[in-house]
Amino acid sequence: MKNIGTHSFSKFSDEYGSLIALEEMKQIPFTVKRVYYIFDVEEDVRRGFHSHLELNQMLICVSGSVKILLKTPYDEKIVELNEPSKGLYIGPMIWREMFDFTPGTVLLVLADELYDEAEYIRNYEKYEVLAKEYFKE
Ligand code: T46
């Protein structure tokens, strides 16, 4: 699927525990301008329901598990994030919905731009029109 990628991060593990290091333009394929995390989500809650015009993000479930629906007018898949060494890259023009958060889940997100509500497409009909044009062969 275009503008989507899964990444496996190296883990430093020993008898004292584990550590994962993420650096921009290395494990993260962009410069990181913003970090946020989503937590305290009830099990029956579904979030997201939007796309971004240009934003690049890496989603990492540092604790617990969550499913992500990724959708374009031409394709659709669900990725489960359930380990801190797994990253889900989401590029521009991908509709996303996050659901099935297990209790205690923390979803960490690294983004290449500062927060800008004008860069969100939150209406699916509007998204579909723009995405059909964006993804057309
Ligand atoms: C995304 C998915 C994975 C801010 O003020 N600054 C921020 O950087 C962010 C991300 C959000 N907010 C405010 C905007 C809303 O009033 O926090 C509130 C909740 O945001 P939203 O409803 O957009 O949350 P989600 O979980 O639907 O989406 C978030 C990100 O917004 C989005 O970029 O890709 O997580």
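Keep in mind that this is a model prediction, so the values were computed, not measured.

What counts as what
Residues numbered from 1 in each chain as written. Predicted model: local features only at pLDDT ≥ 70, side-chain atom pairs only at ≥ 80, totals over all residues. Heavy atoms only, no water. Pairing = 2+ DSSP bridges. Helix = DSSP H or I, 4+ residues; strand = E, 2+ residues; numbered from the N terminus. Near = heavy atom within 4 Å. Polar contact = N/O pair within 3.5 Å; in protein donor to acceptor, adjacent residues only side chain to side chain. Nonpolar A, V, L, I, M, F, W, Y, C, P; charged D, E, K, R; others polar.

The next point concerns the sheet that holds strand β5 (residues 47-52). On the basis of which strands lie adjacent, the open sheet formed by five strands has the order β8-β7-β10-β5-β12 and antiparallel pairing. One side of each edge strand has no neighbouring strand; the edge strands of this open sheet are β8 (76-81) and β12 (120-121). With two bridges connecting them, β5 and β12 associate as antiparallel partners. Pairing of Ser51 across the sheet is with Ile121, part of β12.

Right, let's get into the site of the ligand. Neighbouring the ligand are 13 residues; Arg34, His52, Gln57, Arg96 and Tyr120 lie closest to it. Here an oxygen atom of the ligand and a side-chain polar atom of His50 are 3.4 Å apart. Note that an oxygen atom of the ligand is positioned 2.7 Å from one of the side-chain N or O atoms of Arg96. Secondary structure elements with two or more residues in the shell around the ligand: β4 (34-38), β5 and β10 (95-99). At four residues, the largest contribution of residues to the shell around the ligand is made by β5. In terms of residue class, the shell around the ligand is built from five nonpolar, four polar and four charged.

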